[in-house]
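Okay, here's what each chain looks like letter by letter:
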Amino acid sequence: MDLGALNAQNPLEYEAATMLISFSARNFRSLRDRTELSFVASSDSTLRSTHCIPTALRAAPWLTRSALLYGANASGKSNLIFALVVMGNLVKQSTALKDTDFAKAYTPFRLDRTSERDPTEFEINLLIDGVRYEYGFAYDSQRIRAEWLTVYRTSKGQRWFERRWDEQRDIETWAPFSAHFTGPRETWRKATRPAALFLTTAVQLNSELLKPLFDWFTKGLIVLNLPGLLPIDYTLPKLEEPAFKKRALGLLRAADLHIADLRIERKPGHQWDFLLEPGKPSTATPLEREVFEIHFGHRIEGGDVVWLEPQFESAGTQRLLAFTGPVLDAIDRGALLVIDELDGNLHPLITRFLLGLLHDPDVSRHGAQLWATTHDTTLLDTDLLRRDQVWFTEKDEQQVSRLVPLTDFSPRKNEALERGYLRGRYGGVPFVSSTRMQ
């Protein structure tokens, strides 16, 4: 099938309105030191026309469409994703959080005496409609310790606002607001609680200038970070829309899954409400509510369709169907799609197919990006990925997670990346003992 048909009915011309440049976290779980994932493309021209997005920025003229993180189990891959989730939750909810809930978001590195008392710090670098936003904040269990925003409408940055907690004087200090940042700024400042973000407060009090940045966290970011759980609840309601259902079926057929039709039924039932809080094990609570039940249609000889319940479909088919909602949504909106364990229950060729959708500029016309963790080493292929799209995580002897780009190892253009990775050339692999179990 023509993959371009996976676009919405009336696609716009290619336009990358919103893109992630970089994200960093410090003193969050195993990420003790500043750890940054960057989508800034190298000067290598390989696969640039498909795998990169032009930005018109002098310092970063191209951004990659995807970044894949490899590493041993418990090496910190998921912690970096969770850091982005926590940052987003604080941006969206900080004004509504109780002090106890705010304190739960503080989960520093606890394996040395200094870090367990130091603030956690996040910073994100975004390009939104041609304007670069460099936003970050630091916090502990008690309050926001620092918050800042620099906006680049030209090559010169404008520091719109900055606040710092002065430990010695026990007061909060604010730098003068930028003249380019207009509105009732003092009203917003006075309304900002110690344990709330100025960004959240000002947007809730109708700051139009800060709304594009805030909206990225609510509309430009799609995170699937619960390993073992299918994001099917994201997809099922969309299948009631005829246009989306047609596109989802097209995607399944393009992936060589013989699904003739999909049928959604609403029925009384219960779902599990999963709660994932920093520093706590996940909990699941059953909730009585109307649920969606999907049936898969298979065409048999003679043209009739036989309908099968989910238990008769493979986990891989159901996982790919679950991904259709987030993937097509990211493509339509030019969003960042973040997936923990991209390859779970998927054949390597299906994983390649999903990557191909996001790398194809005729399909992904609005600059959608993918950040994913994976153990699928078959993707380490220079015909599939640029070398600047691959990253590795590993822990040092102090149990600190390190994130290292493949480019730091200066691999040759046609180097056998999979073999090199499995042999430990780039790190990020477990040290498996050959000693027999006693």
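For the structure, check the block above.
One structure accompanies this document, and this report is about it. In this text the structure is predicted, and so the values were computed from the model without any measurement.

1. A closer look at the overall build of the protein chain
If you tally the helices and strands in the protein chain, you get eleven helices and 18 strands. Counting only contacts in the protein chain whose residues sit at least 6 apart along the sequence, the fraction spanning at least 24 positions is 65%. By element, 50% of the accessible surface of the protein chain is carried by carbon and sulfur atoms, the whole surface being about 21,200 Å².

2. So, the environment of Ala 146
Within the fold, Ala 146 resides in strand E8 (residues 144-152). We classify Ala 146 as buried; its relative accessible area is 3%. For the pair Ala 146 and Leu 197, spaced 51 residues apart in sequence, the C-alpha to C-alpha distance is 9.3 Å.

3. Some points on the packing of helix H9 (residues 315-333) against helix H10 (residues 348-359)
Contact pair H9 / H10: the axes reach a minimum separation of 11 Å and the direction vectors enclose 15°. One way to sum up the angle between H9 and H10 is to call them roughly parallel. In this structure, H9 crosses over H10, and the sense of that crossing is right-handed. The residues of H10 that touch H9, namely those facing Leu 320, Phe 323, Val 327 and Ile 331, are Ile 350, Leu 354, Leu 357 and Leu 358. For the contact of H9 with H10, the per-class residue count stands at eight nonpolar, no polar and no charged.

4. Let's talk about the pairing of strand E7 (residues 131-139)
For E7, a buried count of nine out of nine residues is recorded, marking the element as mostly surrounded by other parts of the structure. Covered by surrounding structure in E7 are Val 131, Tyr 133, Tyr 135, Phe 137 and Tyr 139 together with Arg 132, Glu 134, Gly 136 and Ala 138, the residues of both alternating faces. Relative to E7, strand E6 (residues 120-128) runs antiparallel, the two sharing nine bridges. Paired with Glu 123 across the strands is Gly 136, a residue of E7. Linking E6 to E7, which pair antiparallel, is a turn of two residues; within it Asp 129 sits at a positive phi near 50°. Note: E7 against E8, eight bridges, orientation antiparallel. Looking at the pairing, Ala 138 lines up with Ala 146 of E8. With antiparallel pairing between neighbouring strands as the criterion, E7 and E8 make up a hairpin whose turn holds four residues.

5. Describing the environment of Ala 74
Position of Ala 74 relative to the elements: it lies in the loop between strand E5 (66-71) and helix H2 (77-93). In this structure Ala 74 comes out as exposed when scored by relative accessible area, which is 61%. Along the backbone, Ala 74 and Thr 393 are 319 residues apart, and their C-alpha atoms lie at a distance of 9.4 Å.

6. Some details on the sheet that holds strand E16 (residues 369-373)
Whether parallel or antiparallel, the strands of a sheet pair through hydrogen bonds between backbone atoms. Judged by pairing direction, the sheet is mixed, and its six strands sit side by side in the order E11-E15-E16-E5-E17-E18 without closing on themselves. If you trace the sheet from one side to the other, it starts and ends with strand E11 (221-224) and strand E18 (401-405), each paired once. Neighbouring strand axes in the sheet, compared pairwise and without regard to direction, differ in orientation by 15° on average. Inspection of the sheet shows E5 paired to strand E17 (residues 390-395) by four bridges, in the parallel sense. By the bridge assignment for E17, Tyr 70 is matched with Phe 392. This element, H9, spans E11 and strand E15 (336-339) of the sheet and lies at about 160° to E11.

7. Focus on the sheet that holds strand E9 (residues 158-166)
Read across the open sheet, the seven strands follow the order E2-E1-E6-E7-E8-E9-E10; overall the sheet is antiparallel. Taken across any chain shown, the strands that pair with only one partner, and hence form the sheet edges, are strand E2 (35-38) and strand E10 (171-174). The average undirected angle you get between the axes of adjacent strands in this sheet is 10°. For strand E1 (residues 18-26) and E6, the ladder comprises eight bridges, and the chain directions are antiparallel. Across the sheet, the residue bridging to Phe 23 is Ile 124, located in E6. Of the strands in this sheet, E1, E2, E6 and E7 touch H2, which is tilted by about 90° from E7.

8. A closer look at the packing of aromatic side chains
A complete count under the given rule lists 26 aromatic pairs for this structure. Ring plane angle 85° and centroid distance 5.9 Å describe the contact between Phe 122 and Phe 137, whose orientation is recorded as edge-to-face. Taken as a pair, Phe 122 in strand E6 and Phe 137 in strand E7 lie far apart in primary sequence, 15 residues in all. Neither residue differs from the other here; Phe 122 and Phe 137 are each classed as buried. For the ring pair Phe 161 and Phe 181, a centre distance of 6.2 Å and an interplane angle of 50° mean the geometry is tilted. Linking Phe 161 in strand E9 with Phe 181 in the loop between E10 and helix H4 (185-191), this pair joins segments that are 20 residues apart in sequence. Its relative accessible area of 0% is what places Phe 161 among the buried residues. Exposure remark for Phe 181: the relative accessible area of 0% places this residue in the buried category. The ring centre of Trp 165 lies 3.7 Å from the NZ or CZ of Arg 143, which sits over that ring. Between the NZ or CZ atom of Arg 263 and the centre of the ring of Trp 307, over which it lies, the distance is 4.4 Å.

Rules behind the numbers
- Residues numbered from 1 in each chain as written.
- Predicted model: local features only at pLDDT ≥ 70, side-chain atom pairs only at ≥ 80, totals over all residues.
- Heavy atoms only, no water.
- Helix = DSSP H or I, 4+ residues; strand = E, 2+ residues; numbered from the N terminus.
- Contact = heavy atoms within 4.5 Å.
- Areas by Shrake-Rupley, 256 points an atom, 1.4 Å probe, with all protein chains shown as cover.
- Buried < 20%, exposed > 50% of the residue type's maximum accessible area, 1.4 Å probe, protein only.
- Axes fitted to C-alpha atoms, helices over the stretch in contact; angles between N-to-C directions.
- Parallel < 35°, antiparallel > 145°, perpendicular 65-115°, else oblique.
- Left-handed = near helix turned anticlockwise from the far one by under 90°.
- Nonpolar A, V, L, I, M, F, W, Y, C, P; charged D, E, K, R; others polar.
- Pairing = 2+ DSSP bridges.
- Phe/Tyr/Trp six-rings, centres within 6.5 Å; stacked < 30°, edge-to-face > 60°.
- Lys NZ or Arg CZ within 6 Å of the ring centre and 35° of its normal.

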